[in-house]
Amino acid sequence: MLSIDPATLSERENYKFLIGSIIPRPIAFVTSISKEGVLNGAPFSYFNIVSSNPPMISISIQRSAGGQKDTARNIKESKEYVVHIVDEQNVEKINKTAASLPPNESEIELAHLTPVDSVKISVPGVKEAKIRMECLLEHSLELGGLDTPGCDLIIGKVVQFHIENDIYENGRIDPRGLAAVSRLAGNNYAKIGEIFEIERPK
């Protein structure tokens, strides 16, 4: 087995090991609004649950050459954003929003996604997602990097869930109906695939 010290590797080499090892990763599609009122949208696969009491979720937004991305900047300024689950039906449109656009252009318009009003926050979500979560910023941390931060870790409290009727029953979400996709390495994604059950020990 190879044994490698990450301190001897470049950022890109560490990145490739991480995204090739930690799979599958759920994908958050995040909408946020700039100070100028531009609706921004971007996908992030460094995404997961933090807590259920209260409901909190995290996204880690990597910086490029120390520069903060539009999503991180917008969230820090407005303290509001919407997280959507990426699924088989919307993944191609969501992928288009990963394009590098200037801050005054909207990825939502580029991908022909449909804005939909939120209930408790001012940031719209998009209609094409089966699940979306309205979030308020709980914590924002600048992490990593030798001279400047390498990423912005965003932890948000979910203040409103929106779940498509067809995938909801008796307080549970149907995983096959949701058809969430996950991120692998490179240009690769994965579907849910076979589901199996193992009883948890008492």
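In what follows, the structure referred to is the one given above.
Residues numbered from 1 in each chain as written. Predicted model: local features only at pLDDT ≥ 70, side-chain atom pairs only at ≥ 80, totals over all residues. Heavy atoms only, no water.

Enquirer: What is the right way to look at the overall build of the protein chain in this model?
Expert: Of regular secondary structure, the protein chain possesses five helices and 14 strands. Looking at the protein chain as a whole, 38% of its 202 residues are labelled buried. Put simply, 61% of the contacts in the protein chain that link residues at least 6 apart link residues at least 24 apart. Element-wise, carbon and sulfur atoms account for 52% of the exposed surface of the protein chain, whose accessible area totals about 12,600 Å². For the protein chain, the centre of its 22 positive side-chain charges and the centre of its 27 negative side-chain charges are spaced 2 Å apart. (Helix = DSSP H or I, 4+ residues; strand = E, 2+ residues; numbered from the N terminus. Buried < 20%, exposed > 50% of the residue type's maximum accessible area, 1.4 Å probe, protein only. Contact = heavy atoms within 4.5 Å. Areas by Shrake-Rupley, 256 points an atom, 1.4 Å probe, with all protein chains shown as cover. Lys, Arg positive; Asp, Glu negative; His and termini not counted. Charge placed at Lys NZ, Arg CZ, Asp CG, Glu CD.)

Enquirer: Before we go on, may I ask you to explain helix α2 (residues 70-78) in this structure?
Expert: One full turn of an α-helix is made of 3.6 residues, so residues set three or four places apart face in the same direction. The complete set of buried residues in α2 reads D70, T71, A72, N74 and I75. Each element contacted by the buried residues of α2 is listed here: β2 (28-33), β3 (39-44), β5 (55-62), β6 (80-85), β9 (131-143) and β10 (151-163). Count one or two residues on from α2 and you reach K79, which has phi positive near 65°.

Enquirer: Would you mind showing me how to read the sheet that holds strand β1 (residues 25-26) here?
Expert: Strand pairing within a sheet occurs via backbone hydrogen bonds; the two strands may be parallel or antiparallel. In space, the three strands of this open sheet follow the order β1-β13-β14, with antiparallel pairing throughout. Where the open sheet ends on each side, the last strands, each with one partner, are β1 and β14 (189-190). Inspection of the sheet shows β1 paired to strand β13 (residues 182-183) by two bridges, in the antiparallel sense. Each residue of the ladder has a partner; that of R25, found in β13, is R183. (Pairing = 2+ DSSP bridges.)

Enquirer: Could you clarify how one ought to interpret the packing of aromatic side chains in this entry?
Expert: In this description, an aromatic ring pair is defined by two values, namely the gap between the centres and the angle between the planes. The final tally for this structure, using the stated rule, is zero aromatic pairs. One residue, R12, lies across the ring of Y15, its end atom 4.1 Å from the ring centre. Lying over the aromatic face of Y189, R183 brings its terminal NZ or CZ to 4.6 Å of the ring centre. (Phe/Tyr/Trp six-rings, centres within 6.5 Å; stacked < 30°, edge-to-face > 60°. Lys NZ or Arg CZ within 6 Å of the ring centre and 35° of its normal.)

Enquirer: I'm lost on the pairing of β10 in this one. Help?
Expert: Regular strands place side chains that alternate from one sheet face to the opposite one. Sheet topology note: the β5/β10 ladder contains seven bridges and is antiparallel. When the bridges of β10 are listed, S58 appears paired with I155. Where β9 and β10 come together, 12 bridges link them in antiparallel fashion. From the neighbouring strand, L141 faces β10, where its bridge partner is L153.

Enquirer: Can you help me understand the pairing of β5 in this one?
Expert: Burial analysis of β5 places six of its eight residues in the buried class, which makes it a mostly covered element. Judged from the five bridges that link them, strand β4 (residues 47-52) and β5 form a sheet pairing that is antiparallel. Opposite S51, over in β5, you have M56 as the bridge partner. Hairpin remark: β4 followed by β5, antiparallel, with two residues in the connecting loop.

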